[in-house]
Each structure stands twice: as structure tokens, then as C-alpha cells.
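Residue strings, one per chain:
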Amino acid sequence: MLPSGGAGIAPAIPFVLESREAWGAVAILVQASEVGVVYGGNEVFNGLTFEVRDDERIALVGENGAGKSSLLRLLVGDITSGTGAVARQRGLRVGYLAQQPAFEPGHTVREIVALAGGDTGALDGRLRELEQQMGGDLDDDQLERVLAEYAEMMERLDATPAMPTEARVEQTLAALGLPHDRWDLPIEALSGGEKRIVGLAQCLLEESDLLLLDEPDNHLDAGAKAWLESYLVGRRGGTVVISHDRYFIDRVATSIVELEDGRVTKYPGNYTRFIKQKRERLERDAQVYELRQRELKKLKASAEQLTQWARQNPKFAARAGNRWRILEIERERLAETPVPVIDRRRIDVEFSADRGSMLVLELKGLSKSYGDREVLQPFDLELTHGERVGIVGENGAGKTTLFRLILGEEEATSGRVRIGPSIVPGYYAQEQETLDPTRTPLELVRSARAMTEQQAIGFLVGLLFTREDAMTQVGKLSGGERSRLQIALLILRGANFLLLDEPTNNLDLPSIEELEAALIDFGGTILTISHDRYFLDRICDRIIELDGGLVREYPGGFTYYDEHRGKGRNLTHLPPAGQRPRGR
């Protein structure tokens, strides 16, 4: 395996599927049969069966906590099942992107990705490192892992043509939007989002037979997402991807597998088709379940009637006893049948605030530079009551910087920011730094608005927090729980101007849809940064593009912007044509 916990040959398994040739044109790459996972003493799923073929691109969906990441870890061999078995095709190469990829320190980004791409120099270097480790004090398990990786490196070295991979490495890193000035930094100098991009580049350059990608589109800008979509659609081999981006799933997936209540259900087609098919299936199942309940009542009434008759005429006793036995069998069968739930419990989100002034935000000649680097050239922007404006641009274009300027957390190089009278801004931070990690949700909610402990817990329960969650320090909560907590605080503080920095990150798809519905009904003004194209289309009536220091606006949502990219109305103070820098 690689020095990253990212991609590599899967570890030893209970049994092995035959080679691709033995299976014919379409091969099963991996198969989990009757497997189960227990986490923290709680059963995540049990008796689950799942397979991936080499012609499939599966989107794995389900609520947060359903076990999606656990299933991927089970398939790759990171965790083991207490029941059943996992089988992989003989010689299968698996590329796995974890939510938080782990890397050995001391390597640069370029070195890590070059090794994944089969660069002979990088492979030789890794072999020397492994040889040094073999001479160290290793226990049996550590030595086995080192020997397995050494054998893999030797196999890859023999299979790799003696040609440089530098062009492929640079092309992939650039396409995924990692800034060039990060490529030669040590991996430990990168942010969490940048490390995910490096882990994704690793997986893609491995050219594995099977890709298992846990939220690969997180931290990617729109251009990088579009490139990744094209790559995945064009590659050969099987793919399983977890994503909360509905456009991404629609464009990539050939089938949807939903993990719900510990069971998997497979639907052909993309996410849009899945929504319709699932609703239709649940409605059919509900009708059948209701029919079986009615039949059970009739069977019980018949058994009771026969029992009454048997008291008067013993010849009915045998028929009555037989009817009661059938009733018991049918009761047990119905009890084992899951009750169809058409409308599941979701987060309860409702924003309400005073109207405020007509003018919400005015930026005049606003600019921002860091030394010689001009992030935002001087531009004007005005927001009025009720507008819903999305901000788009590549990573590093200055989107979060613009928010910090509006909130007064950074000083502008030139120009001014004016917030309208009676306007109450509410900020949703992408990195969730506005939340004190040492306090509990209960404490934060009660500090935002006066209420009793029971009222605060009741409010948090509406956002899918348990009583235990409400008493847990924020630093120990999951990303999704912290996201819901930020939403809770925005509601309580009565903001009428919402500044949302990637609000859909860490939320599952049902929660995203509830948030969208609440924002559509919100009576105030919204300014949002998002890479979720579906979200931008549903929420926004104007798009602001940041592009190399320039600022442009587009009427409509993301689809309109995407069709007219680079052709929006310029908000930047441009110098006369003869004085403009070349390339602008």
C-alpha cells in the first residue's frame, strides 16, 4: 500500500473472485455478502449484501450516520466484518479516497502524486525507504505490511514504462484546482481541503480497477468538478462515490444505491430518476403493507368466528385451530416486513427575521491586495432587500476574503463597505470557526436566546440532535452536527441578511433539501458562496463571479452563469482600454 492510506492493492481477504477473463465481458470486482459493522457498540448495519461490477458507476447515498463511509472502508479492507465475507477479484487494484486522507510526513505534494502516477524515481525512492524500515524493529504485522507494499512497488516498477510522469502529475493537480505554489510544499503544510485534493489526485493517477471515493467533490470549485465528472465518466473500471452534490451524481452515476435502515436498495439511473423511483416504490410498498394489514384483520375475524361456532359445534374446532395457526404465521411475516416510511423525519428549519431597510449592502470601489497580489480589483456592488445572490469562482479567487471584508474582519485596501440600517448579518462559516469547540450546543443555543434548558433541548431535537448530542462539546461533534448547529444559531439570532459560506458542506441530501426549502421561504436577503450547483440554481436569482481579480454579475442561477461564463456585466472599475493589462 502507498504511504498515504489513499490508494493501493487491497489487503488479504477471506476468499477471492476469479479473474476478469473467467467472468466474461462484465466482471464483479468486489462482493460483500451478509456483512455487518458495529461502531461504538451500536450496530451500523447487519446482513448487508452489495457488489460492484466493472461497468458501473455507483453513487452511494443515505443520511449521515447510515454507514456509507463504513461500507467503503469494509470494501477496501480498512475494517472487517464480524459476519459474512468480502471477496475481491484476484489481483484487483483499489483506489480509495477517505474523508480525511492520511499521509506520511516529509514528502512534498509533487513526490506523493508522482509516486501514485508510477514515476520511476519516486518508486525507487519508496523502495529504499521500505528497505530501511525492514532493517528496523518491526513486529510481525508491521513487517507483513512493509513486505506487501515492497512487493507492490516492485510490481509497479516492472510495469511502468521508463518515461517521466511529470506532465500527468501537473495536469491532474492543475485540473483539480490545487494552486501551483502548493505543489512543492511538504504535505503537512497543506490545509485539510488541499490534502483531500492531493489524495484524490493520488487515486486518479493510480488508474485502479476500482475507485472508492468518499466525497471527492468536497473543496473542488466548479471547473474542477466538471473535469472530475468527465474523467470518471470516461474511465474504465468500477466506481463507487459518496457525494452530496446532486448535479455531480446526475452526471456521473449509472445507478444509485441507497443505504437506509441498515439495508441497501439499488435503483438504475441517476439521482433525478432515483427520487422519482424511490417515491413510487415506497407508495407501492405502503399500499401492499396496508392490504396485508387488512387481510390480517379479516383472517383474525374469521378465526374468531370459527372459534364461536366451534363452541356450539365441535366439528369447527379443527378449522378454527388451523385458521389461528395461519394467523400467527402471517403476523410473524408482517412483523418482519419493514414498515414503509414515505416521509421521514428531517431537520426542522424555519428562518424568521424583521424586514430591515431596502438597502442591505453597498460596496463602493472595494479592493483587496496582499502585497503585490491583487485579489480583488476595485468594484461596486449593491444588494437590496429580498435578493438571493450566489458568489462563484475558483478556489483562491477571494470569495471568503470578500465575506471577511463585508463583516469587518479584514481591512480593505481601498473603497468602503456599508451595511443598511436595521440590517442584522448572520454568518455561516465554512470552517465552522465561529463555534467555540469547548462549549456544548445547549450552552450556545441558550446564549443566543433566553430559554429554559428543556426549551433549548426541544429546539435542538427539531434539528435532529439527541439529548446526548446537546450535552456534547462542539469539538467532539461530527461535521454535519456542527453544520446543523450553525443553522440553529442563525435562526435564533434573527438575522435578516444571511452570509453563507458553503452551507451545504457536511449536510446529507435530505437536510440540504430542507435547508433549501427554508431559504426559499426566508423573507430576508441571502449572499452565499457555494460549489453546489443545484443549490445555487434553486436559491439564487443573481450570480457574482470572481475571476482573477475581476468581478462580474449574471442574472439568474448557476445554469445561466455556466452557459454565459466570462460574459457577465463587469462590476470592476476598469481602466481605459489602452491602459488595461494584457490578458484582462
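(A) View of helix α10 (residues 271-312). A rise of 1.5 Å per residue sets the reference length of α10, with its 42 residues, at 62 Å; its end C-alpha atoms lie 62 Å apart and thus fit the reference within 8%. Contacts from the buried residues of α10 go to β5 (57-61), α9 (246-252), β10 (255-260), β11 (263-268), α11 (317-336) and α17 (509-521). Between the side-chain oxygen at the start of α10 and the backbone nitrogen of T272 there is a gap of 3.4 Å, and the oxygen is on N270.

(B) Layout of the environment of A32. Counting through the fold element by element, A32 comes out in strand β3 (residues 28-39). Taking relative accessible area as the criterion, A32 reaches 0% and is therefore assigned buried. Once residues within four sequence positions are removed from consideration, A32 is found in contact with L48, T49, F50, L75, A85 and V86.

(C) Examining the sheet that holds strand β15 (residues 414-419) more closely. Taken in spatial order, the three strands of this open sheet run β13-β12-β15, and their pairing is antiparallel. Each edge of the sheet is formed by a strand with only one pairing partner; in this case those strands are β13 (373-384) and β15. If you compare each strand with its neighbour and ignore which way they point, the axes differ by 15° on average. In terms of strand pairing, strand β12 (residues 359-370) meets β13 through eight bridges, oriented antiparallel. By the bridge assignment for β13, L359 is matched with T384. Lying over the sheet, helix α12 (residues 399-406) contacts β12, β13 and β15, oriented at roughly 120° with respect to β12.

(D) Inspection of the side chain of R542 at higher detail. Mapped onto the elements of the fold, R542 is located in strand β19 (residues 542-547). Polar side-chain contacts of R542 include one of 3.0 Å to the side chain of E387.

What counts and how
- Residues numbered from 1 in each chain as written.
- Predicted model: local features only at pLDDT ≥ 70, side-chain atom pairs only at ≥ 80, totals over all residues.
- Heavy atoms only, no water.
- Helix = DSSP H or I, 4+ residues; strand = E, 2+ residues; numbered from the N terminus.
- Expected span 1.5 Å × (residues − 1).
- Contact = heavy atoms within 4.5 Å.
- Polar contact = N/O pair within 3.5 Å; in protein donor to acceptor, adjacent residues only side chain to side chain.
- Buried < 20%, exposed > 50% of the residue type's maximum accessible area, 1.4 Å probe, protein only.
- Pairing = 2+ DSSP bridges.
- Axes fitted to C-alpha atoms, helices over the stretch in contact; angles between N-to-C directions.

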